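Coordinate inspection notes
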Amino acid sequence: MRPASRPRRHLSHLVEAFGLAGEAGEVTVTGVAVGSADVQPGDLFVALPGLRAHGADYAADAVAAGAVAVLTDDGGAGRLAGLGVPVLTTPAPRSLLGPVSAWFYGEPGRDLTLVGITGTNGKTTTCYFVAAALERRHPLTGVVGTVELRVGEESIESPRTTVEAPVLHGLFALMRERGATACAMEVSSHALALERVGGVQFDVAAFTNLQRDHLDFHGDMEGYFRDKARLFAPERARRAVVCVDDEWGVRLASEVEIPVDTVATREGAAGWAGADWRVTAATIGLDGVGSTFTLEGPGGVRVEAASPLPGLVNVSNAAVAVVVAHRAGIPLDEAVAGVAGAHAIPGRMERVIERGPGQALCLVDYAHTPDALTLALEAVRPITPGRLVLVFGSDGDRDQGKRPIMGEIAARLADVLVVTDENPRSEEPAAIRASILDGVRAVRPDLRDVVELSPRSEALRVGMELAVEGDTVIVTGKGHEPTQEIAGVFHRYNDRDAYLTALAQSWQVTVRPDGVTVVDAAHAATPDSTRAALRRLRRERDERGGTRAVAVLAAPDDLGPVPVTELDALGRAAVRLGVDKLLVVGEDARAVHVGAVQEGSFDGESELVPDRAAAQDWLARHLRPGDVVLVKGGRSAGLAELAGKLAGKLAGELAGEGGAA
Ligand SMILES: CC(=O)N[C@H]1[C@@H](OP(=O)(O)OP(=O)(O)OC[C@H]2O[C@@H](n3ccc(=O)[nH]c3=O)[C@H](O)[C@@H]2O)O[C@H](CO)[C@@H](O)[C@@H]1O[C@H](C)C(=O)N[C@@H](C)C(=O)N[C@H](CCC(=O)O)C(=O)O
Ligand SMILES: Nc1ncnc2c1ncn2[C@@H]1O[C@H](COP(=O)(O)OP(=O)(O)OP(=O)(O)O)[C@@H](O)[C@H]1O
């Protein structure tokens, strides 16, 4: 994403402005790039000394791609000979990369209200909350972060949390060109250490929290903290908003030299006593999903606020976002309203399918560590009157130790588990699932209510099929990710899309030319989901003006064998729910048939057939125009194939094979 109108700058002006060494000649530059693969014709290639290589080693590639000049350090220049383009030097090119990029694009960041958010957790969520609040006064607001690079409605996938400085300033220029007046962005600790936000001065810089992470890069917690603190240097930010729930926040707030607002979001937090803003009276789970809370501020300010996402961590994120947006110029009440009305954040407790009649709430969350999984499940429990269905896996080629731990957490905090694949990468997917299941077994030795399923799309579909109204389905680990990495190949896959596809397939209605309506709900079943389907069958018949509601049922055993008493109850329920004709498939479901017959009012309306082939035969002979036929059963019965044939979608279709009875 670069602006459509490219600046044209004389290289000699750059040399002058930044005191560079070297001969510029008559060269005109039309872009800046730091990686040779990103070079476009006319670019200045900035060759940085890196952790593994020196960018100068790629200068020839850059020139071949159209770079018209190179900026590097003396070490880099020493590696370059006969490049054919001007080579300029400066002792620390990384420090100049941001300012040079800002200069090149004409300081576009100065025309935007800029908010930068750092912290170990909550950056993405807080960033979207802030953007939603900024939109109240800045109709066109940009977002830069892990999920996407967005300007208004236009968005592209983001290569990382914080892009390199030339990309960032190019984005600011694009935002300005499109008429945007504000931008909220995530600033990672890597970005701060590597000066990716050089040349930017934020109107407000925010800190969420600091937890153990990335120590391979930052050395120790002190180094990690120091890198985060760079965002709050006076040349980088005008004001700070610091969450003081942890000691690191308290320390940061005491050290910054710019005006600071401290926010404490739970009583007993490290900086509660002296905080400028405090969250009191947080009530989670109101409105069915989000939370409400009171935010008390300086001078007796007190507002009722809300987080649209579940869980106490999102109360924290929402409170910080309100204060940030307010300090960025949004009146407090508008900041509160903006955050409360924030749209779904891709992959962060994202509500993909809302709870409704006959429909469970379906969420996507990015939690892929034990702590995050715990938080996510704890957040969802209070908004789940029924069962909590978790679909999850764990990454391959990453921390193996966390797999059984996550299995244990899942077994403790969720009701139904569908164990599947995340990004197996080079590992054997089944081995990763087995390791998770080891943890599950430690809590549930009998693996009750646990299903193991691959691929992930199928796992999600089954998870949804197993849930009924009042339940919540949550799929964790991949969040917004657009791909799934299996054996070195990136397949297009996204949890949100998988939900929507599964929804479309979960109650597939086909009206055949002969007037028979087939409802395919045959992918998975439990007694509860079968009962819900029977209820819906009757509605379907009535709404379509159908004559008979016909149910073809196999044992609903996807979560394990179903006791005879439950099967019996299901048969009785079918009669009471107004099913006109019941076909029970398989000896293991016999009790459904028996229950229906014993319910009394049924006389010959229930039949038992031994298998799918017999069912197929029976249906070919008995269906007649006006029938609305539901096919539902556990996966082991394989009724999906029968439903496909019945609907005329698979070879060997039944339609017309037999006469009407
Ligand atoms: C650990 C880290 O952050 N490394 C960054 C660092 O790479 P490096 O010093 O190892 O670079 P190098 O491979 O030695 O190469 C030296 C120079 O040659 C250039 N080069 C290299 C190869 C080539 O083919 N062509 C080319 O021009 C590179 O752009 C670089 O300027 O400098 C490069 C550019 O100057 C960055 O692209 C690179 O980020 C890599 C891609 C990366 O994966 N970073 C991750 C860890 C990251 O930044 N993550 C944070 C989020 C963390 C979190 O919160 O989870 C983020 O903001 O996304
Ligand atoms: N304020 C918070 N404190 C602790 N955990 C949080 C907080 N906010 C969110 N989380 C948890 O961290 C996970 C990631 O949230 P989010 O994406 O907003 O953070 P992030 O800092 O952007 O992380 P990443 O860079 O990995 O995306 C979520 O699954 C959530 O459970």
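Sequence order as written defines the numbering, with residues in each chain counted from 1. Lettering of chains starts at A and numbering of ligands starts at 1, both following the order in which they are written. With pLDDT at 70 or above as the cut-off, local features in this predicted model cover only qualifying residues; side-chain atom pairs require 80 or more to be listed or tallied, and sums for whole chains, interfaces and linings still use all residues. Calculated side-chain values reflect all of the structure's heavy atoms, with hydrogen atoms and water omitted.

The protein carries the name UDP-N-acetylmuramyl-tripeptide synthetase in an unreviewed UniProt entry, which gives Actinotalea fermentans as its organism. UniProt positions are given in the numbering used here, feature names are shortened, and annotations may be inferred rather than shown by experiment. Quoted verbatim from the Sequence similarities (unreviewed entry) field of UniProt, the annotation for the protein is "Belongs to the MurCDEF family. MurE subfamily."

A few words now on a positive patch on the surface. A cluster of basic residues, Arg 535, Arg 536, Arg 538 and Arg 539, forms a positive patch on the protein surface. Comment: elements are numbered from the N terminus, with helices defined as DSSP H or I runs of at least four residues and strands as E runs of at least two. The residue Arg 539 is located in helix H18 (residues 527–543) in this model. Each residue's exposure class comes from its accessible area (1.4 Å probe, protein chains only) as a fraction of the maximum for that residue type: buried when under 20%, exposed when over 50%, partly exposed otherwise. When its relative accessible area of 40% is taken as the criterion, Arg 539 is described as partly exposed. Patch membership needs two things, relative accessible area over 30% and no salt bridge, and members are linked within 9 Å if like-charged or within 5 Å if nonpolar (Val, Leu, Ile, Met, Phe, Trp, Tyr). Only the protein chains shown count as cover for residues, with accessible areas throughout obtained via the Shrake-Rupley method and a probe of 1.4 Å. A carboxyl oxygen of Asp or Glu within 4 Å of a side-chain nitrogen of Lys or Arg is what we treat as a salt bridge. Under the counting rule used here, the positive set is Lys and Arg, the negative set is Asp and Glu, and His together with the chain ends is not counted. For this purpose, a charge sits on NZ of Lys, CZ of Arg, CG of Asp or CD of Glu.

Put simply, a residue is near a molecule or strand once any heavy atom of it comes within 4 Å of that molecule or strand. Every one of the 17 residues lining ligand 2 counts as a neighbour, but Gly 122, Thr 124, Thr 125, Asn 317 and Arg 348 are closest to it. Each polar contact in these results corresponds to two N or O atoms within 3.5 Å; when the atoms are within protein, one needs to be able to donate a hydrogen and the other to accept it, and residues that are neighboring in sequence are counted only if both atoms are side-chain atoms. Contact distances for ligand 2 include 2.9 Å between an oxygen atom and a side-chain N or O atom of Lys 123. Measuring from an oxygen atom of ligand 2, one finds a side-chain N or O atom of Thr 124 at 2.5 Å. Notes on ligand 2: free accessible area 610 Å², of which the protein chains cover 87%. Elements with a contribution of two residues or more to the shell around ligand 2: helix H5 (123–134), helix H11 (312–327) and helix H13 (370–380). Of the residues contributing to the shell around ligand 2, the split by class is five nonpolar, eight polar and four charged. These domain boundaries are the output of an automatic or database domain assignment. When we break the shell around ligand 2 down by domain, the ones giving at least three residues each are domain 2 (107–341) and domain 3 (350–504). Each residue is assigned to one of three groups, with Ala, Val, Leu, Ile, Met, Phe, Trp, Tyr, Cys and Pro labelled nonpolar, Asp, Glu, Lys and Arg labelled charged, and all others, Gly among them, labelled polar.

Tracing the sequence through the fold places Arg 226 in helix H9 (residues 221–229). Taking the C-alpha atoms as reference, Arg 226 lies 31 Å from Ser 307; in sequence the two are 81 residues apart. Once you skip the residues sitting within four places of it in the chain, Arg 226 turns out to touch Arg 251 and Glu 255. Should any heavy atoms of two residues lie within 4.5 Å, those residues are considered in contact.

Let's shift gears to the UniProt feature "domain: Mur ligase C-terminal" (unreviewed entry) in the protein. Per the UniProt record, "domain: Mur ligase C-terminal" (unreviewed entry) is found at residues 347–479 and 511–633. Across residues 347–479, the secondary structure splits into 37% helix and 20% strand, with the terminal C-alpha atoms separated by 4 Å.

With that settled, the discussion passes to empty space enclosed by the protein. Points on a 1 Å grid over protein atoms alone make up a cavity when a 1.4 Å probe fits among them but cannot get out, and a pocket when they form an open set with protein on both sides within 12 Å along at least five of seven lines; lining residues each have an atom within 4 Å of a point. Grid points are joined across faces, edges and corners, and a volume is the space filled by probe spheres set on the points. For the structure shown, the criterion picks out one cavity of 30 Å³ or more. Each pocket or cavity is described by its volume, and for the largest cavity that value is around 40 Å³. Secondary-structure elements contributing two or more residues to the lining of the largest cavity are strand S1 (9–10), helix H1 (11–18) and helix H4 (93–104). For the lining of the largest cavity, a count of residues per class yields seven nonpolar, one polar and one charged.

Next up on the list: the nonpolar core. Each nonpolar core is a collection of buried residues, namely Ala, Val, Leu, Ile, Met, Phe, Trp, Tyr and Cys, held together in the definition by side-chain atoms within 4.5 Å. Counting 71 residues, the largest nonpolar core has Leu 295, Leu 390, Leu 417 and Ile 474 as its most contacted members. Counting residues per element, this core draws most heavily on H11, at nine residues. No fewer than three residues from each of domain 2 (107–341) and domain 3 (350–504) sit in this core. What Leu 295 contacts, discounting residues up to four positions off in sequence, is Trp 277, Arg 278, Val 279, Val 301, Arg 302, Val 303, Ala 319, Val 322 and Val 323. Residues Leu 112, Leu 171, Phe 207 and Leu 210 belong to the second largest nonpolar core, which totals 41 residues.

Moving on: the packing of aromatic side chains. Pairing of aromatic rings covers Phe, Tyr and Trp, the last through its six-membered ring, and needs centres within 6.5 Å; plane angles under 30 degrees mean stacked, over 60 mean edge-to-face, and all others mean tilted. Overall, the coordinates contain three aromatic pairs when judged by the stated rule. Relative to Tyr 105, the ring of Phe 104 lies with its centre 4.9 Å away and its plane at 85°, an arrangement referred to as edge-to-face. Take Phe 104 and Tyr 105: they sit in the same class, and that class is buried. The side chain of Arg 9 reaches across the aromatic face of Trp 103, ending 5.7 Å from its centre. Counted as over-ring charges are cases with an Arg CZ or a Lys NZ within 6 Å of the ring centre that also lie within 35 degrees of the ring normal.

This part covers the domain arrangement of the protein. Here the protein is partitioned into domain 1 (9–99), domain 2 (107–341), domain 3 (350–504) and domain 4 (507–647). Distance between the C-alpha centres of domain 2 and domain 4: 53 Å.

Looking now at the site of ligand 1. With respect to spatial proximity, 22 residues lie near ligand 1, and among them Leu 51, Arg 52, Ala 53, Thr 161 and Ser 188 are the closest. At 2.7 Å, a backbone N or O of Arg 52 approaches an oxygen atom of ligand 1. The contact in question runs from an oxygen atom of ligand 1 to an N or O atom on the side chain of Arg 94, over 3.1 Å. Think of it this way: if more than half of a molecule's atoms are within 2 Å of a pocket's grid points, that molecule is in the pocket or cavity. According to the grid-proximity analysis, the pocket containing ligand 1 is the second largest pocket. Residues of the shell around ligand 1, tallied by class, amount to eight nonpolar, nine polar and five charged. Looking at which domains feed residues into the shell around ligand 1, each of domain 1 (9–99) and domain 2 (107–341) gives three or more.

With numbering matched to this structure, UniProt assigns "modified residue: N6-carboxylysine" (unreviewed entry) to Lys 228. Of note, Lys 228 is situated in helix H9. When neighbours within four sequence positions are excluded, Lys 228 is seen to be in contact with Thr 118, Gly 119, Thr 120, Val 187, Ser 188, Ser 189, Leu 192 and Leu 210.

So, about the layout of surface pockets. When its volume is computed, the second largest pocket comes out at roughly 990 Å³. Around the second largest pocket, the lining is made up of 32 residues, and of these Val 34, Gly 35, Asp 38, Arg 160 and Glu 164 lie nearest the centre. Within the residue set of the lining of the second largest pocket, elements represented by two or more residues are strand S3 (31–33) and helix H6 (165–178). In the lining of the second largest pocket, the residues fall into 19 nonpolar, six polar and seven charged. Both domain 1 (9–99) and domain 2 (107–341) contribute no fewer than three residues apiece to the lining of the second largest pocket.

What follows covers helix H17 (residues 495–506). One less than the number of residues in a helix, times 1.5 Å, gives the span that helix is expected to have. Given a rise of 1.5 Å per residue, twelve residues ought to cover 16 Å, and the 16 Å separating the end C-alpha atoms of H17 matches this to within 8%. All of the buried residues along H17 are Asp 495, Ala 498, Tyr 499, Ala 502 and Ser 506. Viewed along the axis of H17, the buried residues span an arc of 100°, placing them on a single side of the element. Looking at the buried residues of H17, the elements they touch are strand S18 (350–353), strand S19 (361–365), helix H16 (456–466), strand S23 (472–476), strand S26 (508–511) and strand S27 (517–520). The opening residue of H17, the one whose side-chain oxygen lies 3.1 Å from the backbone nitrogen of Arg 496, is Asn 494. Along the arc lie the directions from the helix axis toward the C-beta atoms.

Turning next to the sheet that holds strand S6 (residues 87–89). Between any two strands, pairing holds if DSSP finds at least two bridges. On the basis of which strands lie adjacent, the open sheet formed by four strands has the order S3-S4-S5-S6 and parallel pairing. Looking at the sheet topology across the chains shown, the edges are occupied by S3 and S6. Pairwise comparison of adjacent strand axes, ignoring direction, gives a mean angle of 25° for this sheet. Across three bridges, strand S4 (residues 43–46) lies against strand S5 (residues 69–72) in parallel orientation. Among the inter-strand pairings, Val 46 is bridged to a residue of S5, identified as Leu 71. For helices, the fitted line uses only the C-alpha atoms of the stretch in contact; every axis is such a line through C-alpha atoms, and the angle between N-to-C directions lies from 0 to 180 degrees.

Next up on the list: the pattern of salt bridges. As enumerated under the stated definition, the model contains 50 salt bridges in all. With its nearest N and O atoms 2.9 Å apart, the salt bridge here joins Glu 255 to Arg 251. Placement of both Glu 255 and Arg 251 in helix H10 (residues 247–255) is noted, with a separation of four residues, approximately one turn of the helix. Between Glu 599 and Arg 576 there is a salt bridge, and its shortest N-O distance comes to 3.2 Å. In this pair, Glu 599 sits in the loop between helix H20 (590–598) and strand S30 (606–609) while Arg 576 sits in helix H19 (residues 564–576), placing the two residues 23 residues apart along the sequence. The structure contains a network of salt bridges with shared partners spanning Glu 222, Arg 226, Arg 251 and Glu 255.

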